[in-house]
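Given next are the chains, with one letter for each unit.
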Amino acid sequence: CYAPFQRCFKHTLDAPAECTRPNAVYAELMDRWRERCPGGLYLFCYLMLIDMCSAPYDITSMLQPNFRWLCRHGCDGYVMEFTPEEWGLYGINAHMIGDLSWDSDLDPEAWVESYYHDLYGPAAPEMLLFRAEMLRRFVDPGPCVHHYDLSYMARATHELLLPALEHLGRARALAAADEDKRYWQAVERTQVGVDWLLRMGQWQRLLRDMKQAEGPKRQVLTDRARRAGEELITWAREHADTGSILAPRIAHVVGAVLAGLGG
């Protein structure tokens, strides 16, 4: 099993030049392992975004060209690591990967549209517009994203995501009006994920400002960051049963940062 653990999730494994992560190196090494490995060569797959602290981050546009490259470069299969508690946010990745396993040339946008109609029912058109705005405003212009680095979330402000949030609000109204409550539950899982992203974004900005401050202002910001982190842990635990977030992992990650702040 070939495990490109430090890869970027924004870009495919054969990444473009602007990718700041070692994707291109991983791609070259995999080709070399394919030459040397007489048996099966499998991908240890991190594409269920484990250890991303349950933040919503859409990689469906990346998955199809990524798996097409893997197929054409001799990958025989994959082992997928995931956490059930985050299925509400990342389950779409597993469904898409499953279909890509049979047809790596499928149309990703048509696939997403069909999936959204199955998942969100009457709310699907607004959820598709929500996704488009999240890609256009948050994912596409943002930095490379990888395990354990949560600093990219600092870009998640209410102002930046307002058009996406407006579509999400309309989707909630459409889902609430339908008799089939599974559509409402699916939209609400997305709402929990976005609420979490905005809260984490605010905390990351606070941590960034704290590190840049000096003197008494630094202590004030440190105290504020500590309180905000404690509130994050409490919020995550209150929403642990939504199918969107892995509360124990969040408590561990945020708690480790708080321990480093002292006091």
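We now turn to the structure provided with this report. Note that the structure is a prediction, hence the values are computed from the model and not measured.

**A few points about the pattern of salt bridges**
Side-chain pairs of opposite charge can arise where the charged atoms are in close proximity. Evaluated as defined, the whole model comprises 12 salt bridges. Put simply, Asp58 and Arg131 hold a salt bridge, and the shortest N to O gap is 3.1 Å. Note that Asp58 is positioned in the loop between β1 (42-45) and α2 (60-72) and Arg131 in helix α5 (residues 124-139), a separation of 73 residues in sequence. Asp58 gets classed as partly exposed once you look at its relative accessible area, which sits at 21%.

**Side note on the packing of helix α4 (residues 108-120) against helix α7 (residues 181-212)**
Close contact between α4 and α7 brings their axes to 7 Å; oriented N to C, the two are set at 115 degrees. Contact residues: α4 offers Asp118, Leu119 and Tyr120, while α7 offers Arg182, Tyr183, Ala186, Val187, Arg189 and Thr190.

**Observations concerning the packing of aromatic side chains**
Applying the stated criterion across every chain, the model contains 11 aromatic pairs. Relative to Tyr148, the ring of Phe5 has its centre 5.8 Å away and its plane inclined at 55 degrees; by these criteria the two rings are tilted. One end of the pair, Phe5, is in the segment before α1 (23-36); the other, Tyr148, is in the loop between α5 and α6 (158-176), with 143 residues separating them in the sequence. What makes Tyr148 partly exposed here is its relative accessible area of 48%.

So, how was this worked out
Residues numbered from 1 in each chain as written. Predicted model: local features only at pLDDT ≥ 70, side-chain atom pairs only at ≥ 80, totals over all residues. Heavy atoms only, no water. Salt bridge = Lys/Arg side-chain N within 4 Å of Asp/Glu carboxyl O. Helix = DSSP H or I, 4+ residues; strand = E, 2+ residues; numbered from the N terminus. Buried < 20%, exposed > 50% of the residue type's maximum accessible area, 1.4 Å probe, protein only. Axes fitted to C-alpha atoms, helices over the stretch in contact; angles between N-to-C directions. Contact = heavy atoms within 4.5 Å. Phe/Tyr/Trp six-rings, centres within 6.5 Å; stacked < 30°, edge-to-face > 60°.

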